[in-house]
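As a plain string of letters, each chain reads:
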Amino acid sequence: MNKQQATFDDFFSECYLKYKEYIKNYIAIRICHPHEAEDLAQDVFVRLWEHRVFVNKDTVWSLLFTIARNIVTSEDTSRNTTEDTIHFRELKKMHDQVMETLPVKRRQIYELSFNHELSCPAIAGKLSLSPRTVECQLLLARKTVCNYLKNEFSKVG
């Protein structure tokens, strides 16, 4: 090991001991699951080590917080994306379930409007119905779907 490497190793050890708790606390108050802050703080120091050739002793403090902020941001983004995907799937499943309870013609009208974004006159022409009938059936379908979803979500809270 050369002298420059040994000097940085000592400096890195000092930084870790001196700033680890600050970084961990900084992360803990910014994430939804504070118990994960220890692991994320470790990641901050791993990244610092990986980029050690760019580390300046005078700016290491701000660099550590910049790395921590970037880790928190990417952690939140990936978690939100995963949670959003799960919530979307659950909502879609509930939506599909309530659609199956609709009378056949009403479901057909609702699906053409919701899934295919057809207007009431377009649906009326496609199904050989009056536009007024389509509007009434669509209104009833939407009320059923809305009430069902409201009822399901009120059970969660």
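Look above for the structure.
Residues numbered from 1 in each chain as written. Predicted model: local features only at pLDDT ≥ 70, side-chain atom pairs only at ≥ 80, totals over all residues. Heavy atoms only, no water.

1. Here's the deal with the pattern of salt bridges
Counted according to the given criterion, the structure contains seven salt bridges. A salt bridge links Lys92 to Asp96; its shortest N-O distance comes to 3.1 Å. With Lys92 and Asp96 both in helix α3 (residues 60-101) and four residues apart, this pair spans about one turn of that helix. Given a relative accessible area of 42%, Lys92 falls into the partly exposed group. Here Asp96 falls in the partly exposed class, since its relative accessible area comes to 31%. When the shortest N-O distance is used, the salt bridge between Glu135 and Arg132 registers 3.3 Å. Linking Glu135 with Arg132, this pair stays in helix α6 (residues 131-156), spanning three residues, or about one helical turn. A residue is classified by how much of its surface remains accessible, and Glu135, at 37% relative accessible area, is partly exposed. One connected set of salt bridges, linked through shared partners, spans Lys20, Glu21, Lys24 and Glu38. (Salt bridge = Lys/Arg side-chain N within 4 Å of Asp/Glu carboxyl O. Helix = DSSP H or I, 4+ residues; strand = E, 2+ residues; numbered from the N terminus. Buried < 20%, exposed > 50% of the residue type's maximum accessible area, 1.4 Å probe, protein only.)

2. Some words on the packing of helix α4 (residues 104-114) against helix α5 (residues 120-127)
Between α4 and α5, the shortest axis-to-axis distance is 10 Å and the interhelical angle comes to 130°. Considering their axes alone, α4 and α5 lie oblique with respect to each other. In terms of crossing hand, the pair formed by α4 and α5 is right-handed. Together, Gln108, Ile109, Leu112 and Ser113 of α4 and Ile123, Lys126 and Leu127 of α5 make up the contact between the two elements. (Axes fitted to C-alpha atoms, helices over the stretch in contact; angles between N-to-C directions. Parallel < 35°, antiparallel > 145°, perpendicular 65-115°, else oblique. Left-handed = near helix turned anticlockwise from the far one by under 90°. Contact = heavy atoms within 4.5 Å.)

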